[in-house]
Amino acid sequence: MKFFLIQFTNLPANGMAIFPFIIVKNESFANNPILINHEKIHLKQQLELLILPFYIAYLVHYVINLMVYKSHYQAYINIVFEKEAHLHEADINYFKKRRIFAWMGLLRRK
């Protein structure tokens with residue numbers, strides 16, 4: 001998957017995917033294959049939902065989770081897109097076997 005890597009020191013997270021960019025906090029994160037794979041999973045999710053709807057769904061899911069869990073961290077890790085990315089971030093070959101809309105299988109998974 002083609003992407004552009006950008007370093008941004010003031011980034012509030014270690015990494016972030018905003019199609020077609022992967023933004024990382026510093027060079028050590030740029031050289032972290034697990035973090036890069038995690039963000040590449042997000043790029044694939046963004047493409048599946050035609051980019052803008054991904055961001056809307058991500059935000060809506062976060063807000064609903066925030067009301068349920070009353071914790072930023074719990075709300076974040078329970079976003080279905082994050083579940084897929086965290087579950088498969090260490091599998092560098094994940095894209096060879098990943099099915100389209102794979103994150104949908106995690107909607108009801110706790």
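Residues numbered from 1 in each chain as written. Predicted model: local features only at pLDDT ≥ 70, side-chain atom pairs only at ≥ 80, totals over all residues. Heavy atoms only, no water.

Trainee: Explain the overall build of the protein to me, please; I cannot follow it from the model alone.
Mentor: Along its length, the protein carries six helices and three strands. Reading the protein from its N end, one meets helices and strands in the order β-β-β-α-α-α-α-α-α. Taken over the C-alpha trace, the protein has a radius of gyration of 14 Å; the compact-globule value for 110 residues is 13 Å, and the two agree within 12%. Overall size of the protein, expressed as C-alpha extent along the three principal axes, is 35 × 35 × 25 Å. When the accessible surface of the protein is summed, it comes to about 7000 Å², and 64% of that surface belongs to carbon and sulfur atoms. (Helix = DSSP H or I, 4+ residues; strand = E, 2+ residues; numbered from the N terminus. Rg over C-alpha atoms; globule rule 2.2 N^0.38 Å. Areas by Shrake-Rupley, 256 points an atom, 1.4 Å probe, with all protein chains shown as cover.)

Trainee: Hey, could you run me through the packing of helix 3 (residues 52-69) against helix 5 (residues 80-88) in this one?
Mentor: The geometry of a pair of packed helices is captured by two quantities: the angle between their axes and the separation between those axes. Relative orientation of the contacting elements helix 3 and helix 5 amounts to 100°, with a least axis distance of 8 Å. The angle between the axes of helix 3 and helix 5 places the two elements in the roughly perpendicular class. Seen from helix 3, the contacting residues are Phe54, Ala57, Tyr58 and His61; seen from helix 5, they are Val80, Phe81 and Glu82. Of the residues assigned to the contact of helix 3 with helix 5, the class counts are five nonpolar, one polar and one charged. (Axes fitted to C-alpha atoms, helices over the stretch in contact; angles between N-to-C directions. Parallel < 35°, antiparallel > 145°, perpendicular 65-115°, else oblique. Contact = heavy atoms within 4.5 Å. Nonpolar A, V, L, I, M, F, W, Y, C, P; charged D, E, K, R; others polar.)

Read these as layout, nothing more, since geometry by itself doesn't imply function.
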